[in-house]
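# Notes for the structure review
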Amino acid sequence: MDKKTFYITTPIYYPSGKPHIGHSYCTLASDAIARYKRMQGYDVMFLTGTDEHGLKIEQKAEQQGITPKQYVDHTTQVFKDLWKLLNISNDRFIRTTDDYHVKAVQKIFNELYRRGEIYKGEYKGWYCTDCEAFWTETQLKDGMCPDCGRKVKIVSEEAYFFRLSHYADRLLKLYEDQPNFIQPESRKHEMISFIKQGLEDLCVSRTSFSWGIPVTFDPKHVVYVWLDALTNYITALGYGSDDDSDYKKFWPADVHFVGKEIVRFHTIIWPAMLMALDLPLPKQVYGHGWLLFGDGSKMSKSKGNVVDPTILCSRYGVDAIRYFLLREIPFGSDGLFTNEALINRINSDLANDLGNLLSRTTAMTEKYFGGRIPTEREAAPVDDELKAMALALRGKCDEAIDKYQFSNALAEIWKLISRTNKYIDETAPWVLGKDEAKQARLAAVLYNLCEALRIVSVLLKPFLPETSPKIQEQLGISGEAVTYESAGTWGVFPADAAVKKGAALFPRIDVDKEIEELNKLIPNPADPANAKPAQETKRTEKPEGIAQISIDDFSKVDLRAAKITACEPIKRSKKLLKLTLDDGMNGRTVASGISQWYKPEDLIGHTVIVVSNLKPAKLCGVESQGMILAADAADNDVRVVFVDGVPAGSKIR
Ligand code: MSP
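What counts, and at which threshold
Residues numbered from 1 in each chain as written. Predicted model: local features only at pLDDT ≥ 70, side-chain atom pairs only at ≥ 80, totals over all residues. Heavy atoms only, no water. Pairing = 2+ DSSP bridges. Helix = DSSP H or I, 4+ residues; strand = E, 2+ residues; numbered from the N terminus. Contact = heavy atoms within 4.5 Å. Axes fitted to C-alpha atoms, helices over the stretch in contact; angles between N-to-C directions. Domains from an automatic or database assignment. Near = heavy atom within 4 Å. Polar contact = N/O pair within 3.5 Å; in protein donor to acceptor, adjacent residues only side chain to side chain. Areas by Shrake-Rupley, 256 points an atom, 1.4 Å probe, with all protein chains shown as cover. Nonpolar A, V, L, I, M, F, W, Y, C, P; charged D, E, K, R; others polar.

### Looking at the sheet that holds strand β6 (residues 153-162)
Backbone-to-backbone hydrogen bonds join strands into a sheet, with any given pair of strands oriented parallel or antiparallel. The antiparallel open sheet is built from four strands, whose spatial order is β5-β4-β6-β8. Both outer strands of the open sheet, β5 (133-135) and β8 (202-203), are each paired with one neighbouring strand and no more. In this sheet, β6 lies alongside strand β4 (residues 118-128) in antiparallel orientation, the contact comprising ten bridges. Across the sheet, residue Gly121 finds its bridge partner in β6, namely Ala159. Along the sheet, helix α4 (residues 99-114) makes contact with β4 and β6, crossing β4 at roughly 120°.

This is the structure in structure tokens:
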């Protein structure tokens, strides 16, 4: 029987600069899924690539005095090198300058024209060069591009248009019929309201620059970069070429992973194009959040706040970075990148929890049994919980992975790691080791430790592809004992495995020293030495008219860490968001006037500080049971105080 297929894609990146950690994020997430699905036995196609046409590339090349093709040949290689460094297992890499892609795009354009889905007209409107996007007057935000905030310019030219406006109803029906088409849910609501504001036909050709795919029947026009780029998902499979067997095998895609700002292109323009061509639609578009610089700003080269993944990999190894990015931030939400959070994760989760578990287990197996666990073993009731948890782990990981909840999958694996560490304390093998009569019990304890670690190592492999084989080598296992199937069974650890303690998986890092070093290499807003320029630092006079309070006064305020589990706008208000909080107690609802600065998906999953003993008040029909803390960072700039990582319910003093 043919294997089930799974097709996953990343966006194709603009090779107009060096990739930063934000670009790596989506590729790493896709890689983890591709590896997991392969492990589960799927025939996987994992596609990534570069989006090489457009005015911006043309201008960059001109600045450097080289041709656009020379420019992209160089910068695309930088992306390829980074993916190699990060152990990205993509099956294919598409460049939109590849000949087969160019030809297929031309065929698609011609076909849409033949069908009357593309027609000739005149374009007049606002264009953002950075985003390669056209905007209507009403879509602009304070006269600037609503996505990147940069300047837009008016453009007027003869152009071809795609009848996007015809597809509004079919798109809305698609979202209804296929409720998982757009994930997470909140992004779907954004798209619905975008469509309901009215869809206009889309300008799909340009004459104002030449670095693009020429329209064959009217060559002064080049194809609009987004039409060119979106088709990559099918042209990479051979659609429109002589050999479309991969297209037949893998299309429709199981999921397109994209950043939240380009969900619109993938869930409106792309399905409408496919509908116009009578082709099947992708099963899902998942709009992930952004990785923000430590001060909450979006990473961008022009702000000088990008984090270079190669520096991090050379200091901590690739797996530490893979782990941090997939564990720290729930995939659908925005998350902060800080040097401190990275090092804390490495020390506590990787060096301590996982690393120590392996080194203690292998050291004791060597010490007491010369590395080979005797087959005479005596079970005890304390083993049962560990066994049950280990047996349930694969199902929990599968479930989280099916929903693209990387952080949850890793959290489940770490629950077993913590439980196994606790099992060492409960069973105290060093005490058993002193008693000749307890050898069979000691053998059972060490066997259970190795077995739990075996299961952990198998399920960790898609996330930490370098570390997992290291664990398996120290445990002395391979083949059948490290398959996905074997991770669902207890008692597979082979009797003849030769356990051998090896090098520490993740050496512990001296936090203070390292942060100091790292801050020199990667700007960190938390470090005063890297504070923003004076005009951005808020200086205020000592507040007048604010009475001093005693510590007793202050202690009347009960501040607690609380995790935002859900968030939605309050219909009757323009400013308020309704937050559902896990406060470590019974949970509570808080209304907060921050909708101007935060969208629900920016908040869900983050931990904030709540004034928990504030008298409840009714705001626009919602009972608000407390207040969350936020800073007036500048005029009209409010920043919520996040304390991610602090357990919900922790008292703050
Ligand atoms: N070329 C288009 C995509 C075409 S897909 C048919 C594009 N390129 S991009 O290079 O600007 O962005 C590629 C992806 O990188 C986007 O999904 C974007 O969200 C992602 N990221 C760029 N910076 C990011 C962060 N700081 N954090 C997370 N992802 C970010 O758009």
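### A closer look at the domain arrangement of the protein
Considered domain by domain, the protein is made up of domain 1 (344-531) and domain 2 (551-652). If you average the C-alpha positions of domain 1 and of domain 2, the two centres end up 37 Å apart.

### Concerning unusual backbone geometry
Following Gln183, the chain continues to Pro184 via a peptide bond in cis, the omega torsion being -10°. One can find Pro184 in the loop between β7 (182-183) and α6 (185-196). The omega angle of the peptide bond from Trp251 to Pro252 is 5°, so this bond is cis rather than trans. By the secondary structure assignment, Pro252 is in the loop between α9 (245-250) and β11 (255-259).

### Looking at the site of the ligand
Around the ligand sit 22 residues, and of these Ile12, Asp51, Gly259, Glu261 and Leu291 come closest. At 3.2 Å from a nitrogen atom of the ligand is found a main-chain nitrogen or oxygen belonging to Gly22. At 2.7 Å, a side-chain N or O of Asp51 approaches a nitrogen atom of the ligand. In isolation the ligand has 660 Å² of accessible area, and contact with the protein removes 94% of it. At the level of secondary structure, the elements contributing two or more residues to the shell around the ligand comprise β1 (5-13), α1 (21-39), α7 (225-230), α8 (232-235) and β11. Of the residues contributing to the shell around the ligand, the split by class is twelve nonpolar, eight polar and two charged.

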